[in-house]
Amino acid sequence: MKKNITILDYGSGNILSAMQSFSRIIKSNELDADICISGNPESIKHSTHLVLPGQGAFETCINGLKSIPGMLEELSNYTLEQKKPFFGICVGMQLLANNSEENGNHAGLGWIEGTIRKLPSKNLKMPHMGWNSIKVLNNNFKITPKETDYYFVHSYYFDCKHQENILAETNYGINFPSIVCKENIYGFQFHPEKSSDQGLDIIKSFLKLWKLLLKKILV
């Protein structure tokens with residue numbers, strides 16, 4: 001069975017960079033896979049892997065998803081009902097939370113319990129930009145990243161309600177979740193597509209989830 005990878009285009013995200021990184025992994029590993037960029041909810045129905053980039057303000061991103069008829073319904077069916085692999089990047093990861101305190105209070109998808117809050121800025125430059133290390137806290141999931149540096153650009157963090165949903169954390173003034181996860185759902189505060197070989201390793205591990213979860217999908 002061929003992998004069908006969809007990178008969602010909803011007007012907010014570094015889509016081309018993600019496309020290039022996923023395409024590189026497909027080519028270098030000779031994977032039987034198609035990849036597309038799409039803002040059409042119908043594309044989700046035929047996907048085995050779904051990527052949600054995110055760039056800019058939380059409110060703009062969530063409204064971008066809501067503005068596409070049928071998008072939230074297809075996202076929920078794909079991720080929560082069919083439990084297929086989901087990959088959120090930066091604000092695409094933050095949208096998984098219940099709500100965000102960025103420029104008001106805005107409801108998120110609510111797939112992983114928590115609130116998006118502003119990083120403490122005392123004596124620190126904002127946004128948190130550049131390379132920073134992660135510490136793996138949870139080995140119960142199928143993606144196990146390397147404890148090394150990844151590329152961050154953000155001013156808000158995911159205040160996760162349940163410790164079991166935190167795969168890794170990073171320190172910038174405080175310890176904050178840099179990878180959140182729940183079953184088939186993975187969210188990355190850093191940018192794997194901009195994080196050199198270690199970021200590509202994460203993308204490669206994500207694409208392997210197709211085989212690991214296929215039996216659950218078919219049951």
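Asks: Go over the pattern of salt bridges, please, and point to the residues and values.
Replies: Tallied over the full model, the rule gives nine salt bridges. Lysine 2 is the salt-bridge partner of aspartate 32, the closest N and O atoms lying 3.9 Å from each other. Of the two residues, aspartate 32 sits in the loop between α1 (15-28) and β2 (33-38) while lysine 2 sits in the segment before β1 (3-8), which places them 30 residues apart along the sequence. For lysine 2, a relative accessible area of 34% puts it in the partly exposed group.

Asks: How would you sum up the packing of aromatic side chains? Please name residues and give values.
Replies: Scanning the model with the defined rule gives eleven aromatic pairs in all. Judged by centre distance (6.2 Å) and plane angle (80 degrees), the ring pair of phenylalanine 141 and tyrosine 186 falls under edge-to-face. One end of the pair, phenylalanine 141, is in the loop between β9 (135-136) and β10 (149-154); the other, tyrosine 186, is in strand β14 (residues 185-188), with 45 residues separating them in the sequence. Across this residue pair, the class does not change: phenylalanine 141 and tyrosine 186 are buried. Ring pairs connect the aromatic residues Phe22, Phe87, Tyr150, Phe152, Phe176, Phe188, Phe190 and Phe206, which therefore count as one cluster.

Asks: Before we move on, could you go through the sheet that holds strand β7 (residues 114-118) and cite the residues and values that matter?
Replies: Here we have four strands laid out as an open sheet, ordered β6-β5-β7-β11, and mixed in their pairing. Looking at strand neighbours, the two that pair on one side only are β6 (106-107) and β11 (156-160), the edges of this open sheet.

Asks: Can you lay out the sheet that holds β1 for me, pointing to particular residues and giving the numbers?
Replies: Read from one edge to the other, the open sheet built from eight strands follows the order β2-β1-β3-β4-β14-β13-β12-β9, with strand pairing classed as mixed. Here the strands that pair on one side only, and so sit at the sheet edges, are β2 and β9. Pairing of strand β13 (residues 174-182) with β14, which is carried by four bridges, proceeds in the antiparallel orientation. Its bridge partner lying in β14, cysteine 181 is registered against tyrosine 186. Along the sheet, α1 contacts β1, β2, β3 (49-52) and β4 (86-89); its crossing angle with β2, the most-contacted strand, is approximately 175 degrees.

Asks: Tell me about the nonpolar core, and name the residues and values.
Replies: If you look at the biggest cluster of nonpolar residues, it comprises 64 residues, and the most contacted ones within it are Leu75, Phe87, Leu95, Leu96 and Phe158. If you tally residues by element for this core, the top one is helix α6 (residues 196-218), at six residues. When sequence neighbours within four positions are dropped, the list of residues in contact with leucine 96 reads Phe86, Leu109, Gly110, Trp111, Ile112, Phe158, Val180, Ile185 and Gly187.

Asks: Hey, could you go over the side chain of glutamine 94 for me, with residue numbers and the actual values?
Replies: By the element assignment, glutamine 94 lies in helix α5 (residues 91-94). In this structure glutamine 94 comes out as buried when scored by relative accessible area, which is 3%. Within polar-contact distance, the side chain of glutamine 94 engages the backbone oxygen of tyrosine 156 at 3.0 Å. A distance of 3.1 Å separates the side chain of glutamine 94 from the side chain of glutamine 189, its partner in a polar contact.

Rules behind the numbers
- Residues numbered from 1 in each chain as written.
- Predicted model: local features only at pLDDT ≥ 70, side-chain atom pairs only at ≥ 80, totals over all residues.
- Heavy atoms only, no water.
- Salt bridge = Lys/Arg side-chain N within 4 Å of Asp/Glu carboxyl O.
- Helix = DSSP H or I, 4+ residues; strand = E, 2+ residues; numbered from the N terminus.
- Buried < 20%, exposed > 50% of the residue type's maximum accessible area, 1.4 Å probe, protein only.
- Phe/Tyr/Trp six-rings, centres within 6.5 Å; stacked < 30°, edge-to-face > 60°.
- Pairing = 2+ DSSP bridges.
- Contact = heavy atoms within 4.5 Å.
- Axes fitted to C-alpha atoms, helices over the stretch in contact; angles between N-to-C directions.
- Core = buried A, V, L, I, M, F, W, Y, C linked by side-chain atoms within 4.5 Å.
- Polar contact = N/O pair within 3.5 Å; in protein donor to acceptor, adjacent residues only side chain to side chain.

Bear in mind that shape data such as this cannot, by itself, settle questions of function.
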